[in-house]
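Notes for the structure review
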Amino acid sequence: MKHKPLTKYLNSDFVAAANALRPKKARHRIVAYVESYEDISFWRALFDEFENEKVHFEVMLPARTSLSKGKKQAMMNMLGSAFGSNMIACVDSDYDYLLQGATDTSRRMIESPYILHTYAYAIENYQCYAESLHQVCVHSTLNDTKLLDIAEFMKMYSRICFPLFLWSIMLYRAHDLSTMPLLKFSEIVRLTSFNLGHPEQSLRQLNQRVKHNLSILSRRRPDLRGKLDSLKAELLKLGVTEDTTYLYIQGHHLVNGVIMRILNPLCRSLRHAREEEIQRLAYHRVQYTNELSAYRNSQCDVALALRRNTNYKDCPLYEKLRADVRRLLENIKK
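Summary of the structure given here.

Looking at the environment of valine 31
As for its placement among the helices and strands, valine 31 is situated in strand S1 (residues 28–34). The exposure class assigned to valine 31 is buried, which follows from its relative accessible area of 0%.

Things to note about the packing of helix H8 (residues 150–173) against helix H12 (residues 228–238)
The N-to-C vectors of H8 and H12 enclose an angle of 95 degrees; their axes lie 10 Å apart at closest approach. As summarised for this structure, H8 and H12 are arranged roughly perpendicular, according to the angle between their axes. Every residue of H12 that contacts H8 at Phe162, Phe165, Leu166, Trp167, Ile169, Met170 and Arg173 is listed here: Leu228, Leu231, Lys232, Glu234 and Leu235. Split by residue class, the contact of H8 with H12 holds nine nonpolar, no polar and three charged.

Topic: the packing of aromatic side chains
Evaluation of the coordinates by the stated rule reveals 16 aromatic pairs. Summarising the aromatic geometry, the rings of phenylalanine 42 and tyrosine 318 are spaced 5.9 Å apart at their centres and angled 80 degrees between planes, so their arrangement reads as edge-to-face. Taken together, the positions of phenylalanine 42 in helix H2 (residues 37–48) and tyrosine 318 in helix H16 (residues 316–333) put the pair 276 residues apart, joining distant regions of the chain. Since its relative accessible area comes to 3%, phenylalanine 42 is described here as buried. Summarising the aromatic geometry, the rings of tyrosine 97 and tyrosine 119 are spaced 5.0 Å apart at their centres and angled 85 degrees between planes, so their arrangement reads as edge-to-face. Of this pair, tyrosine 97 sits in helix H4 (residues 96–99) while tyrosine 119 sits in the loop between strand S4 (115–117) and helix H6 (123–127), and the two are 22 residues apart along the sequence. The buried category is assigned to tyrosine 97, whose relative accessible area is 6%. The buried category is assigned to tyrosine 119, whose relative accessible area is 8%. Through a chain of ring-to-ring contacts, the aromatic side chains of Phe42, Trp43, Phe47, Phe57, Tyr126, Tyr312 and Tyr318 assemble into a single cluster.

Conventions used here
Residues numbered from 1 in each chain as written. Predicted model: local features only at pLDDT ≥ 70, side-chain atom pairs only at ≥ 80, totals over all residues. Heavy atoms only, no water. Helix = DSSP H or I, 4+ residues; strand = E, 2+ residues; numbered from the N terminus. Buried < 20%, exposed > 50% of the residue type's maximum accessible area, 1.4 Å probe, protein only. Axes fitted to C-alpha atoms, helices over the stretch in contact; angles between N-to-C directions. Parallel < 35°, antiparallel > 145°, perpendicular 65-115°, else oblique. Contact = heavy atoms within 4.5 Å. Nonpolar A, V, L, I, M, F, W, Y, C, P; charged D, E, K, R; others polar. Phe/Tyr/Trp six-rings, centres within 6.5 Å; stacked < 30°, edge-to-face > 60°.

Below, the structure written as structure tokens:
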């Protein structure tokens, strides 16, 4: 009879037993399951801050016997007492943090000290942290000129989206997934156009769409209108502010529907300005050609620069995530 691989039954107790077999001076090992390949570097960078001569983390995909990935796989492929101080799950919060137990997944995620979550909707939202986006432009174009105050633009964007975002959370808490599905919400709050010379036009169009849909929602679900103020107060306690709504919008749509629509024309303008400078300062054609070639070869695609962005570590939500890791390690010491 062929025996099934022992790793299929890996749980926190198994990892604890393996830790006990190691030499006394060996570091305590914590297995951390993440959702997908893209998540590995994010969680690895976080855990690097806490590793020392006594403890280390091993970040891996959730399924050891298949290619299955995702949040449910990371959280639920092991039930009962599988998770513990020796084995944890690391997942995107999605809406589950803000639902505060309204669904089974939300309840499990926020109640378990062994399930770390991003607080922001997803890792992509950290990469889109507004205060870091100028650095993304610099990394991509090698031009430090500020043509747009991106952080201020995203504050204004967030303030416009916030009332509709409240409705989105309210509807999900009410298990109403048809009145305004998440895809519909994402379509409403995307930037349909962006003019670098007149960025206020994009915000004006967005504001019109949001107000139109707020009116529709108010007519379709009048029973929920009176609950919005209390939901707003609750979300403020959870860290959601009108200035930071974008951190809780679905990450994929935030990247493609908002941030890249800003960064692409912005980086094109920055590159064009640098190339004009090279042309103006070059003494002759050969110098111009060589300098232009060197500049273009040194650039980085803006989408790649955004994916590699790690300048979000002063984000308040990231500090909450750090605090969760500290509590986890304190539990291990006990």
